[in-house]
Amino acid sequence: MNYGSYLEKLIHPLFESMNAARSHITLNIEADEISLNINTSIPLGLLISEIITNSLKHGFNINQTGEICHRFDNNGASDYSLCIGDNGNGYDKDFNIKDAESLGLQLI
């Protein structure tokens, strides 16, 4: 399966289910025509889902407008780049991912 199509099927329902009260947040997905095997696709999909979920849950205030961006590029042969971000509030300046206690942040 093309990974761009997989991302659309993975992220849009997640975004819609979590975004019911936050319809002012938009989602922008850009993905090259990439085919990955199942052993890569599933763990990567879990990671992406966790990041998007965290962004929706913690990245924006109730009435804040914003955007979540996801870009997945093939840079040649087996070299890929993944960029996920948002223009929300961000983490507290004292936040350190190494000290994270939640399973989701440990996964990331």
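Data block above holds the structure.
Remember, predicted model here, so these are calculated numbers, not experimental data.

## Structural notes on the packing of helix α1 (residues 3-18) against helix α2 (residues 38-58)
Across the interface, α1 lies against α2 with an axial gap of 10 Å and an inter-helix angle of 30°. It follows that α1 is roughly parallel to α2 by the angle criterion. When the axes of α1 and α2 are compared, the crossing they make is right-handed. Where α1 approaches α2, its residues Tyr3, Tyr6, Leu7, Leu10, Ile11, Leu14, Phe15 and Met18 are matched on the opposing element by Ser41, Ile42, Leu44, Gly45, Ile48, Ser49, Ile52, Thr53, Leu56 and Lys57.

## Side note on the pairing of strand β3 (residues 80-86)
As defined by bridge partners, strand β2 (residues 66-74) adjoins β3 across seven bridges and the pair is classed as antiparallel. When the bridges of β3 are listed, phenylalanine 72 appears paired with leucine 82. As consecutive antiparallel partners, β2 and β3 are separated by five residues, and within that stretch glycine 76 has a phi angle of approximately 125°, a positive value.

## Some points on the packing of aromatic side chains
Taken as a whole, this structure holds one aromatic pair when the rule is applied. The interplanar angle of 20° and the centroid separation of 5.8 Å between the aromatic rings of phenylalanine 72 and tyrosine 80 together place this pair among those described as stacked. Here phenylalanine 72 falls in the buried class, since its relative accessible area comes to 4%.

Definitions and cut-offs
Residues numbered from 1 in each chain as written. Predicted model: local features only at pLDDT ≥ 70, side-chain atom pairs only at ≥ 80, totals over all residues. Heavy atoms only, no water. Axes fitted to C-alpha atoms, helices over the stretch in contact; angles between N-to-C directions. Helix = DSSP H or I, 4+ residues; strand = E, 2+ residues; numbered from the N terminus. Parallel < 35°, antiparallel > 145°, perpendicular 65-115°, else oblique. Left-handed = near helix turned anticlockwise from the far one by under 90°. Contact = heavy atoms within 4.5 Å. Pairing = 2+ DSSP bridges. Phe/Tyr/Trp six-rings, centres within 6.5 Å; stacked < 30°, edge-to-face > 60°. Buried < 20%, exposed > 50% of the residue type's maximum accessible area, 1.4 Å probe, protein only.

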